[in-house]
Amino acid sequence: MKAPKKNAEHKAATPQDLADADAIIFGIPTRFGMAATQMKALIDHTGGLWMKGALVGKPASMFVSTATQGGGQETTNLTFVTQLVHHGMIYVPIGYACKKLFDMSEVHGGSPYGAGCFAGADGSREPSKLELEIAEFQGSYVTKVAAKLCK
């Protein structure tokens, strides 16, 4: 893989980080059409939060990365929604509120479920400008939803 080395300043999220957040946008690498094991492991460690109801009512969204167009962007989102539901989180998809999803001038990731990018089979492809714009829209949109819920 040609993915860059992990930045030492970027720590891995913990279940407590999830509990402390006002809203969560999960970044999910896709493996064979579903969340990679590392992401599932994080969720598997949230049993204590589930027992306390610590994530109930918390807005949550997700963005994904796949190797190819048929790599499972939508199935990854759909199968991850079950994790949110079990915690009682409020799923915040972007829908088609992001008009950039209609842009057919280039091949790009993303769907009404959330932003996405194609990494290429070897991981060397960087997100396109359009993919980044969709992701920025998602971040802004989820923030606005969270702010409304905090009022």
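Refer to the structure printed above.
Described in the following lines is the structure provided in the data block. (Residues numbered from 1 in each chain as written. Predicted model: local features only at pLDDT ≥ 70, side-chain atom pairs only at ≥ 80, totals over all residues. Heavy atoms only, no water.)

### Concerning helix α2 (residues 37-44)
Of the positions making up α2, those classed as buried are Met39, Leu42 and Ile43. Down the axis of α2, the buried set is contained in an arc of 95°. They therefore lie on one face. The exposed residues of α2 that point more than 90 degrees off its buried face are Thr37, Gln38 and Asp44. Contact partners of the buried residues in α2: α1 (15-20), β1 (24-31), β2 (34-35) and α4 (73-87). (Buried < 20%, exposed > 50% of the residue type's maximum accessible area, 1.4 Å probe, protein only. Helix = DSSP H or I, 4+ residues; strand = E, 2+ residues; numbered from the N terminus. Arc of directions from axis to C-beta. Contact = heavy atoms within 4.5 Å.)

### So, unusual backbone geometry
You will see that phenylalanine 32, though not glycine, has its phi angle at about 55°, which is positive. Within the element layout of this structure, phenylalanine 32 appears in the loop between β1 and β2. Taking relative accessible area as the criterion, phenylalanine 32 reaches 83% and is therefore assigned exposed.

### Description of the state of the cysteines
All told, the structure shown has 0 disulfides when counted by the stated rule. Cysteine 117 takes part in no disulfide bond, and the closest cysteine sulfur, belonging to cysteine 98, lies 15 Å away. Take cysteine 117: its relative accessible area is 14%, and that puts it in the buried class. (Disulfide = S-S within 2.5 Å.)

### With respect to the side chain of histidine 108
By the element assignment, histidine 108 lies in the loop between β4 (90-91) and β5 (116-118). A distance of 2.9 Å separates a polar side-chain atom of histidine 108 from the backbone oxygen of aspartate 103. Setting aside its immediate chain neighbours within four residues, histidine 108 contacts Lys100, Leu101, Asp103, Phe118, Leu130, Glu131 and Ile134. (Polar contact = N/O pair within 3.5 Å; in protein donor to acceptor, adjacent residues only side chain to side chain.)

### Considerations on the pairing of strand β3 (residues 59-66)
Here β3 lies mainly inside the structure; 6 of its 8 residues are buried. Relative to β4, β3 runs parallel, the two being bridged by 2 bridges. In the strand pairing of β4, proline 59 is matched with isoleucine 90. The pairing of β3 with β5 spans 3 bridges and is parallel. Residue pairing across strands places valine 64 opposite glycine 116, the latter belonging to β5. (Pairing = 2+ DSSP bridges.)

### Overview of the environment of glutamine 38
Of note, glutamine 38 is situated in helix α2. Glutamine 38 sits in the exposed class, given a relative accessible area of 60%. Remark: the alpha-carbon pair of glutamine 38 and isoleucine 94, spanning 56 residues in sequence, is separated by 25 Å.

### A closer look at the pairing of β1
Side-chain alternation along β1 places Ile24, Phe26, Ile28 and Thr30 on a buried face and Ile25, Gly27, Pro29 and Arg31 on a face that remains uncovered. Relative to β3, β1 runs parallel, the two sharing 6 bridges. When the sheet's bridge partners are listed, proline 29 is paired in β3 with serine 65. Across 2 bridges, the pairing between β1 and β2 is antiparallel. Among the inter-strand pairings, arginine 31 is bridged to a residue of β2, identified as methionine 34. The turn linking β1 back onto β2 is made up of 2 residues, and phenylalanine 32 within it adopts a positive phi angle of 55°.

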